[in-house]
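Residue-level listing of the chains:
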Amino acid sequence: QEYLSMLEWGLKQTKHPVVIRVPNTVTSSDAPVLNNYDTLNTYQTVREGSRVGVIALGGFFELGKQTLEKLSSVGIHATLINPRFISGIDTALLDKLKQNHELVITLEDGELDGGFGEKIARFYGDSAMKVLTFGAKKEFTDRVPIQELYKRYHLTPDLIVADVQKALDNK
């Protein structure tokens, strides 16, 4: 839904150059889909919480929702954010998270080196906010089953929650 909405907006608007990253998986969202993306680099808070912010990019938004549910089951009521833009950051929203969050995690279905999570970690670099980034390492994986990669990179709700709990305990 969001991909089609962005595509339609990109074809109609004339203010900005547009590149839309085509998702490799189809997911659905409970969040309302916008049809105007003129205000660039604004993220969408899908569910308000505290202590932990989950920023789930693109095809990993569904993983973000599953992780949020798993976090809830262990008493952590996290915030879920759909960044919608990969090229820039929403500094106002990220600054707002500093008020009642200790940890931000990023989930991306791409390489971590030079990726979206690294951009978020760099933003928080001079603050007390702790950041965990989840994504792929730079390595050849053409013959490795995807489920094995998800375990290797800690891209399952159970493994993510374990890493979150460990990070919160070490604060």
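Above this note sits the structure.
What you see is a predicted model, and the numbers here were worked out from it, not measured in a lab. (Residues numbered from 1 in each chain as written. Predicted model: local features only at pLDDT ≥ 70, side-chain atom pairs only at ≥ 80, totals over all residues. Heavy atoms only, no water.)

**Student:** Please explain a nonpolar patch on the surface as it appears in this structure.
**Tutor:** Among the surface-exposed residues, Leu4, Leu7 and Leu11 lie close enough to one another that they form a single nonpolar patch of about 320 Å² accessible area. Within the secondary structure, Leu7 is located in helix H1 (residues 2–12). Relative accessible area serves as the criterion here: at 32%, Leu7 is assigned to the partly exposed category. (Patch = residues over 30% accessible without salt bridge, like charges linked within 9 Å, V, L, I, M, F, W, Y side chains within 5 Å. Areas by Shrake-Rupley, 256 points an atom, 1.4 Å probe, with all protein chains shown as cover. Salt bridge = Lys/Arg side-chain N within 4 Å of Asp/Glu carboxyl O. Helix = DSSP H or I, 4+ residues; strand = E, 2+ residues; numbered from the N terminus. Buried < 20%, exposed > 50% of the residue type's maximum accessible area, 1.4 Å probe, protein only.)

**Student:** What am I meant to see in the packing of helix H2 (residues 61–73) against helix H6 (residues 157–169) here?
**Tutor:** For any two helices packed against each other, one specifies the crossing angle of their axes together with the interaxial distance. Contact geometry for H2 and H6: axes closest at 9 Å, N-to-C directions at 55°. Taken together, H2 and H6 sit at an angle that is classed as oblique. The handedness of the crossing between H2 and H6 is right-handed. Residue-level contacts link Leu63, Gln66, Thr67, Lys70 and Leu71 of H2 to Pro157, Asp158, Ile160, Val161 and Val164 of H6. Looking at the contact of H2 with H6, its residues break down into six nonpolar, two polar and two charged. (Axes fitted to C-alpha atoms, helices over the stretch in contact; angles between N-to-C directions. Parallel < 35°, antiparallel > 145°, perpendicular 65-115°, else oblique. Left-handed = near helix turned anticlockwise from the far one by under 90°. Contact = heavy atoms within 4.5 Å. Nonpolar A, V, L, I, M, F, W, Y, C, P; charged D, E, K, R; others polar.)

**Student:** Is there a simple way to explain the side chain of His101 in this structure?
**Tutor:** Relative to the assigned elements, His101 resides in strand E4 (residues 101–111). A polar contact of 2.7 Å, which involves the side chain of His101, links it to the side chain of Asn100. (Polar contact = N/O pair within 3.5 Å; in protein donor to acceptor, adjacent residues only side chain to side chain.)

**Student:** What am I meant to see in the packing of aromatic side chains here?
**Tutor:** The relation between two aromatic rings is expressed through the spacing of the ring centres and the mutual angle of the planes. A complete count under the given rule lists three aromatic pairs for this structure. Between Phe123 and Tyr124 the ring centres are 5.1 Å apart and the planes differ by 80°, which places this aromatic pair in the edge-to-face class. In this structure Tyr124 comes out as buried when scored by relative accessible area, which is 2%. (Phe/Tyr/Trp six-rings, centres within 6.5 Å; stacked < 30°, edge-to-face > 60°.)

**Student:** Hey, could you run me through the side chain of Arg84 in this one?
**Tutor:** Structurally, Arg84 is set in the loop between strand E3 (79–82) and helix H3 (91–97). There is a polar contact of 2.6 Å between the side chain of Arg84 and the backbone oxygen of Thr42.

In short, geometric facts, not functional conclusions.
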